[in-house]
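A look at the structure
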Amino acid sequence: MNGLSVSELCCLFCCPPCPGRIAAKLAFLPPEPTYSLVPEPEPGPLKGEGRCLRGALRAAAGCAASRCGLSPALVPSCLVPLGSLPGPLTRPRHPPLPRYTLLFSHGNAVDLGQMSSFYIGLGSRINCNIFSYDYSGYGVSSGKPSEKNLYADIDAAWQALRARYGISPDSIVLYGQSIGTVPTVDLASRYECAAVVLHSPLTSGMRVAFPDTKKTYCFDAFPNIEKVSKITSPVLIIHGTEDEVIDFSHGLALYERCPKAVEPLWVEGAGHNDIELYSQYLERLRRFISQELQSQRA
């Protein structure tokens, strides 16, 4: 989320403001693509020409896999509706085979190329498959970033996991980071899944721009606070206490509204982009996935 001047704020909320305009002003900062696509025959039951991930995505994944002793499955991916691009499904190589797959919605100002190394490292450390995608207008995905397209993009990724890879909802953990919590909360409010992880989440666009906002207006964007109470799956919320982009109070407010919230992780001293550097981050994720979810299924 980028800061706005007084004049920009006045312009933003002129008569009448609309959610799409607020979303575009507050949220979307797609970087220059860090990978490319080349035509490649589609293997398996899907016929026709596919498009395979290349460039920094493949290179970064290869380096990360080498460091972690993994053999990542960077699967060929087709562009799907509204430009959302399903990315690498990374699988830890050694037994035990992962029980869960994380559907990871990444933060702002990054694409799959920049995130793939992190995905492979995370998957190896918490023994999960990681499946991610690029939002419309990010990476080489077509279309333009918008709130509406965020929801369509994650729907396309969810359907790819279900139909293409045959992964059942009770094996999918929805993971959203920063702006990625917006599509994550929306999907989780409509579908039951194994669990949900909200990493540095926001309550709504207005509450980020105007911290004193106490209610949700009809023109607000990203209204996580109104949807989170509809999530029926276990929810782990992670937030840094010194977050300079999305204040810690957002995580607290969502935790209080979430009916199936588990013990949250409040990372003392962490900001918006460094939570992963704290040891308790991996420790809490491991416990949540390998112990708490398993005990609930028993």
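Just above, that's the structure.
Just so we're clear, the structure is a prediction, and the values are computed from it rather than from any experiment.

**A few points about the pairing of strand 7 (residues 195–199)**
- Most of strand 7 is tucked away, with five of its five residues classed as buried.
- With burial as the criterion, each face of strand 7 is covered, one bearing Ala195, Val197 and His199 and the other bearing Val196 and Leu198.
- The sheet contact formed by strand 6 (residues 172–177) and strand 7 spans five bridges and is parallel. Paired with Gln177 across the strands is His199, a residue of strand 7.
- Taken together, strand 6, helix 6 (residues 181–188) and strand 7 form a β-α-β motif whose crossover is right-handed.
- Direction of pairing for strand 7 relative to strand 8 (residues 235–240): parallel, over a ladder of four bridges. Looking at strand 8, one finds that Val196 is bridged to Val235.

**A few points about unusual backbone geometry**
- A positive phi is found at Ala109, a non-glycine position, where the angle reads about 65°.
- Note that Ala109 resides in the loop between strand 4 (101–105) and helix 4 (112–126).
- Positive phi values are uncommon outside glycine, yet Phe222 reaches one of about 55°.
- With respect to the helices, strands and loops of the structure, Phe222 is situated in the loop between helix 7 (205–209) and helix 8 (224–227).
- Under the relative-accessibility criterion, Phe222 is labelled buried at 0%.

**Examining the pattern of salt bridges**
- In total, this model carries eight salt bridges according to the counting rule given.
- We note a salt bridge from Asp155 to Arg190, for which the minimum N-O separation is 2.9 Å. Linking Asp155 in helix 5 (residues 147–164) with Arg190 in the loop between helix 6 and strand 7, this pair joins segments that are 35 residues apart in sequence.
- We classify Arg190 as partly exposed; its relative accessible area is 39%.
- Note that Arg207 and Asp220 form a salt bridge whose closest N and O atoms lie 3.8 Å from each other. With a gap of 13 residues between them, Arg207 in helix 7 and Asp220 in the loop between helix 7 and helix 8 connect regions that are remote in the sequence.

**A word on helix 5**
- For helix 5, with 18 residues, the first-to-last C-alpha span of 25 Å sits near the 26 Å given by 1.5 Å per residue.
- For helix 5, every residue scored as buried is listed here: Glu147, Asn149, Leu150, Tyr151, Asp153, Ile154, Ala156, Ala157, Trp158, Ala160 and Leu161.
- Once helix 5 ends, the next one or two residues include Gly166, with phi positive near 65°.

**Digging into the layout of surface pockets**
- Approximately 330 Å³ is the volume found for the second largest pocket.
- Lining the second largest pocket are 15 residues, and of these Val110, Gln177, His272, Asn273 and Glu276 sit closest to its centre.
- Here the lining of the second largest pocket is composed, by residue class, of seven nonpolar, six polar and two charged.

**Some points on the side chain of Asn224**
- Mapped onto the elements, Asn224 comes out in helix 8.
- For Asn224, a relative accessible area of 1% corresponds to the buried category.
- Only 2.8 Å separates the side chain of Asn224 from the backbone oxygen of Leu202, close enough to count as a polar contact.
- With residues near it in sequence (within four places) discarded, Asn224 still touches Thr181, Val182, Val185, Leu202, Thr203 and Leu254.

Rules and cut-offs
Residues numbered from 1 in each chain as written. Predicted model: local features only at pLDDT ≥ 70, side-chain atom pairs only at ≥ 80, totals over all residues. Heavy atoms only, no water. Buried < 20%, exposed > 50% of the residue type's maximum accessible area, 1.4 Å probe, protein only. Helix = DSSP H or I, 4+ residues; strand = E, 2+ residues; numbered from the N terminus. Pairing = 2+ DSSP bridges. Right-handed = clockwise from strand over helix to strand, strands pointing away. Salt bridge = Lys/Arg side-chain N within 4 Å of Asp/Glu carboxyl O. Expected span 1.5 Å × (residues − 1). 1 Å grid on protein atoms, 1.4 Å probe; cavity = no way out; pocket = protein on both sides within 12 Å on 5 of 7 lines; lining within 4 Å. Points joined across faces, edges and corners; volume = space filled by probe spheres on them. Nonpolar A, V, L, I, M, F, W, Y, C, P; charged D, E, K, R; others polar. Polar contact = N/O pair within 3.5 Å; in protein donor to acceptor, adjacent residues only side chain to side chain. Contact = heavy atoms within 4.5 Å.

On their own, these measurements won't tell you what the molecule is for.
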